Amino acid sequence: MSDRPFRDKSDNRNSRRPSRPKTGPILAKSPAVTPENQEADDLLYGRRVVLTAMEEERQLNRIWVVNRLRYDPRYHTLLEKAKANGTVIDEVDDLRLDQITNKANHQGIAAQMSPYDYIELADLIEKAKGKSRHPVIVIAEGITDPHNLGAIIRTAEAMGCQGVVIPQRRAAGVTSTVMKVAAGALEYLPVARVVNLNRALEELKAAGFWLYGTAAKTGKSLHTINLTGAIGLVVGSEGEGLSLLTQKSCDELVSIPLAGKTPSLNASVAAAMALYEVYRQRWQNSPD
């Protein structure tokens, strides 16, 4: 493994920039979800999700909790602390929570979260470099399904990544659905939301990151690529994959070889497999 922590522009890595793919969706399509509808979804529910939000002192507008949890030692102190910070605590019954959560599996507690506090890209890059000599940042282009975005964030944090970048337009933002699927990962993994994704990619490259975009069939096999150093893994949308402009911004396009008849992978699954290969190479050669 190379000792070079960041991008050396004289290093061509595995080869020169590959030719651009001409056709085809890159990842399996998921049901369309409008960002506007996602942003209206501001409820957290379930013991693990709400407990993690309170432990990390995320700003919550209101918490609804049943009596059996209100005075449970695991929750009581955190609920009192949240109340002191301005959160309204409502003690309710299960029927009321069923109404609030539309009969979801609330486990006796739900919370209304304040808007997610995104980090600036420059700050994300600085923090990433400060945490690791070989930082990894995931860039998600046009992920409209909040379940996919939440799964990507959960995997990114579990694999030890230093951050996630998402576009502001035509993509899911961080909503309560994303937080529930991420299962607490957002309390530890910062997310930057950018107006111009391609400008953000150039900023990452200028900061020393090598960008690898996921592409079905047209990219080089993932396991043949040197994925050491500072990495930006660019994952495409569920239906269309990476845009041509984003592909041109990548240093290399990579693909995951498939043995079956299924032509493509779900966006979050592809991201998980690619991230595992990134960290497999690091663990095998020189753990950071």
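As the structure is a prediction and not an experimental result, all values here were calculated from the model. (Residues numbered from 1 in each chain as written. Predicted model: local features only at pLDDT ≥ 70, side-chain atom pairs only at ≥ 80, totals over all residues. Heavy atoms only, no water.)

Draft legend 1. Fine view of the sheet that holds strand β4 (residues 109-113). Reading across from one edge, β1-β4-β2-β3 is the order of the four strands in this open sheet, with mixed pairing throughout. In the strand order of this sheet, the two ends are held by β1 (43-45) and β3 (88-91), each with one partner. Neighbour-to-neighbour, the strand axes of the sheet open up by a mean angle of 20°, direction not taken into account. Both β1 and β4 contribute to a ladder of three bridges, which runs antiparallel. Looking at the pairing, Leu-43 lines up with Gln-112 of β4. Helix α4 (residues 73-84) rests against β2 (60-65), β3 and β4 of the sheet, and its axis sits at about 145° to β2. (Pairing = 2+ DSSP bridges. Helix = DSSP H or I, 4+ residues; strand = E, 2+ residues; numbered from the N terminus. Axes fitted to C-alpha atoms, helices over the stretch in contact; angles between N-to-C directions. Contact = heavy atoms within 4.5 Å.)

Draft legend 2. Local environment of the pattern of salt bridges. The full count for this structure, using the stated rule, is eight salt bridges. Residue Lys-81 is joined to Glu-57 by a salt bridge in which the shortest nitrogen-to-oxygen separation is 2.6 Å. Separated by 24 residues along the polypeptide, Lys-81 in helix α4 and Glu-57 in the loop between α2 (47-55) and β2 bring together distant segments of the chain. Residue class for Lys-81 comes out partly exposed when judged on its relative accessible area of 41%. (Salt bridge = Lys/Arg side-chain N within 4 Å of Asp/Glu carboxyl O. Buried < 20%, exposed > 50% of the residue type's maximum accessible area, 1.4 Å probe, protein only.)

Draft legend 3. A look at helix α6 (residues 121-131). For α6, the complete set of buried residues consists of Leu-121, Leu-124, Ile-125 and Ala-128. Projected onto a plane normal to the axis of α6, the buried residues spread over an arc of 100° and lie on a single side. Opposite its buried face, α6 presents the exposed residues Glu-126 and Gly-130, each directed more than 90 degrees away. Residues of α6 that are buried make contact with β5 (136-140), β6 (163-167), β7 (191-194) and α9 (197-206). (Arc of directions from axis to C-beta.)

Draft legend 4. Structural context of the packing of aromatic side chains. For the structure on display, the rule yields three aromatic pairs. Each ring, one from Tyr-276 and one from Trp-283, has its centre 6.0 Å from the other, and the planes form 70°; the classification is edge-to-face. With centroids separated by 5.9 Å and ring planes inclined at 40°, the aromatic side chains of Tyr-279 and Trp-283 adopt a geometry described as tilted. Placement of both Tyr-279 and Trp-283 in helix α11 (residues 267-285) is noted, with a separation of four residues, approximately one turn of the helix. Since its relative accessible area comes to 43%, Trp-283 is described here as partly exposed. Among the aromatic residues, those joined into a ring-pair cluster are Tyr-276, Tyr-279 and Trp-283. Looking at Arg-70, its charged tip hangs above the ring of Tyr-71, at a distance of 5.3 Å from the centre. Across from the ring centre of Tyr-279, 5.7 Å away, lies the NZ or CZ of Arg-282, which sits over that ring. (Phe/Tyr/Trp six-rings, centres within 6.5 Å; stacked < 30°, edge-to-face > 60°. Lys NZ or Arg CZ within 6 Å of the ring centre and 35° of its normal.)

Draft legend 5. Molecular detail of the confidence of the model for the protein chain. Mean pLDDT for the protein chain: 83, with 84% of residues reaching 70 or above. Within the protein chain, helix α1 (residues 35-39) has the poorest average pLDDT of any element, 38, and β5 the best, 97. (pLDDT = per-residue confidence, 0-100.)

Draft legend 6. Highlighting the pairing of strand β10 (residues 231-235). Taken across its five residues, β10 has five buried, putting it largely inside the fold. The side-chain alternation of β10 yields two buried faces, one formed by Ile-231, Leu-233 and Val-235 and the other by Gly-232 and Val-234. Two elements, β5 and β10, share five bridges in a ladder whose sense is parallel. Paired with Ala-140 across the bridge in β10 is Val-235. Pairing between strand β8 (residues 210-214) and β10: four bridges, direction parallel. When the bridges of β10 are listed, Gly-213 appears paired with Val-234.

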